[in-house]
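What follows is each chain in one-letter form.
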Amino acid sequence: MSRESSEKSKAGSSEGYNYSIAFMKVFFSFLVVCCHYWRPTDADPYPVAAMLRLIGVAVPVFIVTSFFLTSKIYIEQDSAKMKKRLWRLAFPHVAWGILYFVGYYLIDLLIKACSWKDGLRLDLSFKDLLWQLGLGSSEKLCPQLWYQFVMLVMTLVIWLLFKMGKKITPYVLLGLSAVMLFLQYSGLNFKAFGAMRYEMRYPLGRLCEMFPFVCVGIFLALGVMKILSKQRVITCAVSLVAMVIIGIFKLFTTMPESFTYGGIFTLVYGTLTFLFFYTLPFEKLPEILRICIQFLAKYSFGIYCIHFGVGYCWNAVLCRRFGWESGSIIECLAIYLISLIVAFGISRIPGKYYRQLVE
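Below is a short write-up of the structure. Fair warning: this is a prediction, and the values are worked out from it, not measured in the lab. (Residues numbered from 1 in each chain as written. Predicted model: local features only at pLDDT ≥ 70, side-chain atom pairs only at ≥ 80, totals over all residues. Heavy atoms only, no water.)

**Here we look at the overall build of the protein chain**
Right, so step 1: Across its full length, the protein chain holds 15 helices and two strands.
Right, so step 2: By the compact-globule yardstick of 21 Å for 359 residues, the protein chain fits well, its C-alpha radius of gyration being 20 Å.
Right, so step 3: Looking at the 359 residues of the protein chain, the share that counts as buried comes to 51%.
Right, so step 4: Accessible surface, the protein chain: about 17300 Å² in total, of which carbon and sulfur atoms supply 68%.
Right, so step 5: Of note, the protein chain has its 36 positive side-chain charges centred 8 Å away from the centre of its 20 negative side-chain charges. (Helix = DSSP H or I, 4+ residues; strand = E, 2+ residues; numbered from the N terminus. Rg over C-alpha atoms; globule rule 2.2 N^0.38 Å. Buried < 20%, exposed > 50% of the residue type's maximum accessible area, 1.4 Å probe, protein only. Areas by Shrake-Rupley, 256 points an atom, 1.4 Å probe, with all protein chains shown as cover. Lys, Arg positive; Asp, Glu negative; His and termini not counted. Charge placed at Lys NZ, Arg CZ, Asp CG, Glu CD.)

The structure is reproduced here in structure tokens:
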């Protein structure tokens, strides 16, 4: 979700900037907030059901997008860019874990100093910090950074696979994707990691579930998207119709036990979602909207990292203090906007490392 290398396809781009990718960053970063903090009272009616399906593929779309944009690094075996890529993944992974640990501790002290009732009720220990820094998924800190852990592992795996040889790698990717789906539907992946403690269960269990999405991103970059972009309107229309049919008739809904992102439904629906949004002509929007998309997209990674803490404090402090109800879409919008403001503020601090935390 951090800033990726430039994408070459002209679909969705204007003067070298891809507004389709930018819009996806904006929209799906908001859906990630909804994933964690929106609790609709009735999930069946349209458009709630459609929104929930999109929420379910928000992170997979980010995975596809990321490897679609950075595929050149692996294909060309560019060691210099690879080192930069690993740094851009590892630095926020570590830094945000420490910031959450210190931030929660200071907020807890502040609440108690103001004589509010119970503080944050987190009871943090350095053990929590170590789990966070290791696998990116401490339940008490910022568990959403399992994504960074998975991205680091997958980045290294894809790099090594392409190091074996460009010609053989696509076949290896297809074979491994089939193996990953078998592990999901046979229940072996869930049996292997389902009983582990929270900090291990999700980052390790989702490696198997995310791998097929990594391969989708790579194959799209290897030439599939170039072909589809030549028939942009058809690709967009077919993707939308297929998504509607899948939603109405609930196709591929025999799901394996998973860690949220397993199964054929998520893979197919996530891929179609990417294709649909990628081929929409966002570059034709009025200039003011394009400027807004550009601005919001710049901080989508920061919003992803920050929103969990903002949402937790909103529910644990403000809702308890003032008796507010939680779980509304308005709350999600507020969390998104606060996270955006915080991300923008951090980016204004002099020094490139602060920008790398949020851009």
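Having seen the structure, we can now continue with the description.
**A word on the pattern of salt bridges**
Right, so step 1: Here the structure, examined in full by the defined rule, presents four salt bridges.
Right, so step 2: Between Lys140 and Asp128 there is a salt bridge whose closest N-O contact spans 3.9 Å. Placement of the pair is Lys140 in the loop between helix H5 (126-135) and helix H6 (146-163) and Asp128 in helix H5, with a sequence separation of 12 residues.
Right, so step 3: Overall, Lys140 belongs to the partly exposed group, its relative accessible area being 30%.
Right, so step 4: Classification of Asp128 by relative accessible area gives buried; the value is 9%.
Right, so step 5: With a closest N to O distance of 4.0 Å, Lys298 and Glu359 form a salt bridge. Of this pair, Lys298 sits in helix H12 (residues 287-298) while Glu359 is found in the segment after helix H15 (352-358), placing the two residues 61 residues apart along the sequence.
Right, so step 6: For Lys298, a relative accessible area of 32% translates into the label partly exposed. (Salt bridge = Lys/Arg side-chain N within 4 Å of Asp/Glu carboxyl O.)

**Topic: the packing of aromatic side chains**
The description of two aromatic rings rests on the distance between their centres and on the angle between their planes.
Right, so step 1: All chains considered together, the criterion is met by 33 aromatic pairs.
Right, so step 2: Look at Tyr202 and Phe259: their rings are 6.2 Å apart centre to centre, the planes differ by 85 degrees, and that puts the pair in the edge-to-face class. Of this pair, Tyr202 sits in helix H9 (residues 198-230) while Phe259 sits in the loop between helix H10 (232-249) and helix H11 (264-278), placing them 57 residues apart in sequence.
Right, so step 3: Assessed through its relative accessible area of 22%, Tyr202 is described here as partly exposed.
Right, so step 4: Relative accessible area serves as the criterion here: at 1%, Phe259 is assigned to the buried category. (Phe/Tyr/Trp six-rings, centres within 6.5 Å; stacked < 30°, edge-to-face > 60°.)

**Some thoughts on a nonpolar patch on the surface**
Right, so step 1: Taken together, Leu240, Val241, Val244, Ile245, Ile248, Phe249, Leu251 and Phe252 make up a surface patch of nonpolar side chains, about 720 Å² in accessible area.
Right, so step 2: Locating Leu240 in the fold gives a position in helix H10. (Patch = residues over 30% accessible without salt bridge, like charges linked within 9 Å, V, L, I, M, F, W, Y side chains within 5 Å.)

**Thoughts on the packing of helix H7 (residues 169-185) against H9**
Right, so step 1: At a closest axis distance of 9 Å, the pairing of H7 and H9 adopts a crossing angle of 150 degrees. With respect to H9, the element H7 is oriented roughly antiparallel. Of the two elements, H7 crosses H9, and the hand of that crossing is left-handed. Packed against H7, whose contacting residues are Pro170, Leu173, Leu174, Leu176, Ser177, Met180, Leu183 and Gln184, the element H9 presents Cys208, Glu209, Phe211, Pro212, Cys215, Ile218, Phe219 and Leu222 at the interface.
Right, so step 2: Counted by class, the contact of H7 with H9 contains 13 nonpolar, two polar and one charged residues. (Axes fitted to C-alpha atoms, helices over the stretch in contact; angles between N-to-C directions. Parallel < 35°, antiparallel > 145°, perpendicular 65-115°, else oblique. Left-handed = near helix turned anticlockwise from the far one by under 90°. Contact = heavy atoms within 4.5 Å. Nonpolar A, V, L, I, M, F, W, Y, C, P; charged D, E, K, R; others polar.)

**A few points about unusual backbone geometry**
Trans is the prevailing form of peptide bonds, just as negative phi is the prevailing case for residues other than glycine.
Right, so step 1: In this model, Tyr46 is joined to Pro47 through a cis peptide bond whose omega is 10 degrees.
Right, so step 2: For Thr260, which is not glycine, the phi torsion reads 95 degrees and is therefore positive.
Right, so step 3: In this fold, Thr260 is placed in the loop between H10 and H11.
Right, so step 4: In this structure Thr260 comes out as partly exposed when scored by relative accessible area, which is 47%.

**Focus: the nonpolar core**
Right, so step 1: With 102 residues, the main nonpolar core has Ile63, Phe67, Trp96, Ile158 and Phe274 as its most contacted residues.
Right, so step 2: The contact partners of Ile158, leaving out residues within four places of it in the chain, are Phe67, Tyr74, Leu173, Phe211, Val214 and Ile218. (Core = buried A, V, L, I, M, F, W, Y, C linked by side-chain atoms within 4.5 Å.)

**Quick notes on H11**
Right, so step 1: Taking 1.5 Å as the rise per residue, H11 with 15 residues should run 21 Å; its terminal C-alpha atoms sit 21 Å apart, in good agreement.
Right, so step 2: H11 sits mainly inside the fold: 13 of its 15 residues count as buried. (Expected span 1.5 Å × (residues − 1).)

**Here's the deal with the environment of Leu204**
Right, so step 1: Mapped onto the elements of the fold, Leu204 is located in helix H9.
Right, so step 2: Each C-alpha atom, one on Leu204 and one on Leu135, is 8.2 Å from the other, the two residues being 69 residues apart in sequence.
Right, so step 3: For Leu204, the residues in contact, after removing those within four places along its chain, are Phe149, Phe193 and Met196.

**Description of a positive patch on the surface**
Right, so step 1: On the surface, a cluster of positive charge is made up of Lys72, Lys81, Lys84, Arg348, Lys352 and Arg355.
Right, so step 2: For the positive patch, the elements supplying multiple residues, two or more each, are helix H4 (79-113) and H15.
Right, so step 3: As for its position among the elements, Lys72 is in helix H3 (residues 58-75).

**Points about the packing of H10 against H11**
Right, so step 1: Where H10 meets H11, the axes come as close as 8 Å, and the angle between the chain directions of the two elements is 145 degrees. As H10 runs across H11, the sense of the crossing is left-handed. Packed against H10, whose contacting residues are Thr235, Cys236, Ser239, Leu240, Ala242, Met243 and Ile246, the element H11 presents Phe265, Val268, Tyr269, Leu272, Thr273, Leu275 and Phe276 at the interface.
Right, so step 2: When grouped by side-chain class, the residues that make up the contact of H10 with H11 number 11 nonpolar, three polar and no charged.

**Things to note about the environment of Asp128**
Right, so step 1: Note: C-alpha distance between Asp128 and Phe101 (27 residues apart in sequence) is 8.5 Å.
Right, so step 2: A polar side-chain atom of Asp128 sits 2.9 Å from the main-chain amide nitrogen of Ser125. (Polar contact = N/O pair within 3.5 Å; in protein donor to acceptor, adjacent residues only side chain to side chain.)

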